[in-house]
Amino acid sequence: MHNATGAVGDAEPVIRVTGLAKEYRVFDKPEGLLASVRALFRRRSRTVEAVRGVDLEVARGEFVALLGPNGAGKTTLLKMLSGIITPTRGTATVLGHVPWERADDFRRRFALVMGQRNQLWWDLPAAESFRLHQEIYRLDPARFARTRDELVDLLGVRKLILQPVRELSLGERMKLELVAALLHEPEVLFLDEPTIGLDVVAQHTIHAFLRHVQAERQMTVILTTHYMKDVAALCERLVVITGGEILYDGSLAEIVDRFTTHKIVTLDLDAEPDPARIARLGFPCEVRGPRVVLRIDRARIADALPELLRDSGVLDVSVEDVPLEEIVAGLFRSADRRSQPAEASR
Amino acid sequence: MSGPSDTSAAASDPLAGLRIWWTMLVISIEERLVYRGDFALGTLMRFLPIVTQVFLWTAVFSATARGDIAGYSRNDIVAYYLLTMLSRAFSSMPGLATGIARSIRDGSIKKFLVQPVDYLSFLLASRVAHKLVYYAVAAAPFALVFFLCRSFFPPLPDATTVAAFLGALLLSFLLGFFLEAALGMLGFWFLEISSLVFGYMLVQYLLSGHMFPIDMLAGIPSGIPGTSLADVVSWLPFQFTAYFPAAVWLGKVRGAELVRLLVVEAVWVVVMAVACRLAWRRGTRRYSAFGG
């Protein structure tokens, strides 16, 4: 598999995963009363392969995005790496430990934040949960206080820590969850959809916060998300996973090179173009008023641009890469077409 | 922020375990206090059923010419019911089993797999907190009822009996905790345990002495030659959660028999604590393999 960008020279990877696979048995609930009664005696089960032989190495200080459609196996992978579930096959070490052995020494050195789950006490102010974390992780009181103050100030939530958590908004709670997870200064952080359901301002705050803390602590972070904004703001490395397998592992820049054949050229014209004029351009295009959006093959862009600009009606021009969303969606779709359903009936 | 290497500076502190427990206790107390109003009301409600019991037994005694039933006078019976209320204030664990099962089902148990903290210790700490808050709120109504009913009670027992009574109460707390916790751990194997909990409550109600003093079963053959139903029940853990402390206070068990039963109770506590540990270990392994 791919080696991490920027990992050169670093001795041992923080996370090493080889041939990791997880199968679940699921029971089908048949439709109809008669079938339901029959199912009481003989249940039909299938084996679903949530993760199928994943290899991955992550070096210290990397910020990796795990991307994939729903049910691709991202969360299952993250659960194995944080020791919640044991794999069916394969091996993994995180910080030199096998995660699912759940050694205390390992558990003191990482953190997992799941978007919809809370580790904060619902009826109490977050400050109380923080205090419990101080004891659970055996943190030095002075250092704990310093870290806590720094984290709450970075997120601008100092005023909220004395308010019962149930009274806070989703975004405020998420910020306090992040503080709770980072109090013990974990070396590895797993984030499962940390920005789900948050508004743009809260997303930005969390991005800036994560960037800052990650850089300062040289923390290794794996993040699963559905938002390309998260990826673009945070990660240099992108791992695309579909149907339980890694489809792409590399830099953000590279995915654009590898999976797009064209660029998007936008022309602002002085007037609404007539159809003949557009056809003459000879590229697939879309007309929005006086604005024309063209998809031009990357190899031809150098020739095509001067030709387009020679048209005196052009007021403005911009050349952009295909949006990340589009590339990734294309990747998901192509994987979907190729693979058979990831299950075997029994 | 400095490097992560000295994060575990305080890790070798031998008192750390105790301090975690203390913090969990204090935080749980704070959490319970959020619902103090509900608590106060619940305490008063608990005394209502006893009124019907007093009426029932008054009717039973007026219908019979005998001064006592199975060694209990009418006054003894009322005192007995009041004392089992006290036992149950220690041994009953409302919502413990269902709470554990819920945390398994909704996945909040994950927190205890990811963080370096022991789930059972955590549950125990929060239960102690739960009880302490309850006693703080319930002490006044309990004292009032016992004061009003003082004429039903025999004279105060000697110091040894009082000590044995307190020991039995303390053990009944631990026994009640581990019994219900073990029941809750079944949630690792069954999606829904509410009918199991219901069955347990029923058995508990009949065999603990909550419904009637279990030594009343002394005359009923158990089917095993030479043993009565009361003998069988006396080896089970349930009687310790209601009957036993009350019987100790009323002087129904004394001397060697008292010591024997205290030992049996302590053995049950250990057995159930070990059962909980095993269930947790096997349950989390199963959870890791199948669920998550």
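Residues numbered from 1 in each chain as written. Chains lettered and ligands numbered in written order. Predicted model: local features only at pLDDT ≥ 70, side-chain atom pairs only at ≥ 80, totals over all residues.

Student: Looking at this structure, how should I read the overall build of chain B?
Tutor: Check the secondary structure of chain B and you find twelve helices and zero strands. Along chain B, helices and strands appear, N-terminal first, in the series α-α-α-α-α-α-α-α-α-α-α-α. The principal-axis extent of the C-alpha atoms belonging to chain B is close to 80 × 45 × 35 Å. Looking at the 292 residues of chain B, the share that counts as buried comes to 34%. (Helix = DSSP H or I, 4+ residues; strand = E, 2+ residues; numbered from the N terminus. Buried ≥ 20, exposed ≤ 12 C-beta atoms within 10 Å, placed from the backbone.)

Student: So what exactly am I meant to see when it comes to the overall build of chain A here?
Tutor: Summing up its helical and strand segments, chain A has twelve helices and 14 strands in all. Per-residue burial for chain A yields a buried fraction of 38% across its 346 residues.

Student: What should I look at first to understand the domain arrangement of chain A in this one?
Tutor: In many analyses, interface size is given as the accessible surface area lost on bringing the parts together. Split into domains, chain A comes out as domain 1 (15–109 + 186–257) and domain 2 (262–321). Each of domain 1 of chain A and domain 2 of chain A has a C-alpha centre, and these two points are 41 Å apart. (Domains from an automatic or database assignment.)

Student: I would appreciate a short explanation of helix α9 (residues 194–207) of chain B in the present structure.
Tutor: Every α-helix carries 3.6 residues per turn, so stepping three or four residues along brings you back to the same face. All names here are of chain B. In this model, α9 (14 residues) spans 20 Å end to end at C-alpha, consistent with the 20 Å of a helix rising 1.5 Å per residue. Among the residues of α9, those classed as buried are Val197, Gln204 and Leu207. For α9, the arc enclosing every buried residue in end-on projection is 105°, short of the 170-degree limit, so these residues lie on one face. Exposed residues lying more than 90 degrees from the buried face of α9 are Ser194, Ser195, Phe198, Gly199 and Leu202. Looking at the buried side of α9, the elements it contacts are α5 (96–106), α8 (159–185) and α10 (229–235). Two residues or fewer past α9, Gly209 is found with a positive phi of approximately 95°. (Expected span 1.5 Å × (residues − 1). Arc of directions from axis to C-beta. Contact = placed C-beta atoms within 7 Å.)

Student: Looking at this structure, how should I read the confidence of the model for chain A?
Tutor: Regions with low pLDDT carry predicted coordinates that are not meant to be interpreted in detail. All names here are of chain A. Of all residues in chain A, 91% have pLDDT values of 70 or greater, and the mean over the chain is 86. By mean pLDDT, the top-scoring element of chain A is strand β4 (residues 89–94) (96), and the lowest-scoring one is strand β14 (residues 343–345) (40). Note that pLDDT drops below 50 for residues 1–9; the model gives that stretch 17 contacts with residues more than four away or on any other chain. Note that residues 340–346 has pLDDT below 50 and, in this model, 14 contacts with residues that lie over four places away or in other chains. (pLDDT = per-residue confidence, 0-100.)

Student: Explain the confidence of the model for chain B to me, please; I cannot follow it from the model alone.
Tutor: Residues and elements named next belong to chain B. Of all residues in chain B, 94% attain a pLDDT of 70 or more, and the chain-wide mean is 86. Element-level mean pLDDT values for chain B span from 72 in helix α2 (residues 36–46) up to 96 in α8. Confidence estimates for the predicted assembly give a pTM of 0.83 and an ipTM of 0.80.

Student: Help me understand the pairing of strand β10 (residues 262–269) of chain A in this model?
Tutor: Side-chain direction in a regular strand flips from residue to residue, so the side chains alternate between the two faces of the sheet. All names here are of chain A. Summarising the sheet, β10 and strand β12 (residues 291–297) pair through seven bridges and their orientation is antiparallel. Paired with Thr266 across the bridge in β12 is Val293. Inspection of the sheet shows β10 paired to strand β13 (residues 314–321) by seven bridges, in the antiparallel sense. Across the sheet, residue Leu267 finds its bridge partner in β13, namely Val317. (Pairing = 2+ DSSP bridges.)

Student: Which parts of the structure should I look at to understand helix α1 (residues 16–34) of chain B?
Tutor: Compared with an ideal rise of 1.5 Å per residue, which puts 19 residues at 27 Å, α1 of chain B spans 27 Å between its outermost C-alpha atoms and is within 8% of the ideal. Among the residues of α1 of chain B, those classed as buried are Ile20, Met24, Ile27, Ser28 and Arg32 of chain B. On an axial view of α1 of chain B, the arc spanned by its buried residues comes to 140°, and they lie on one face. Buried residues along α1 of chain B sit in contact with α4 (126–136) of chain A together with α7 (119–148) of chain B.

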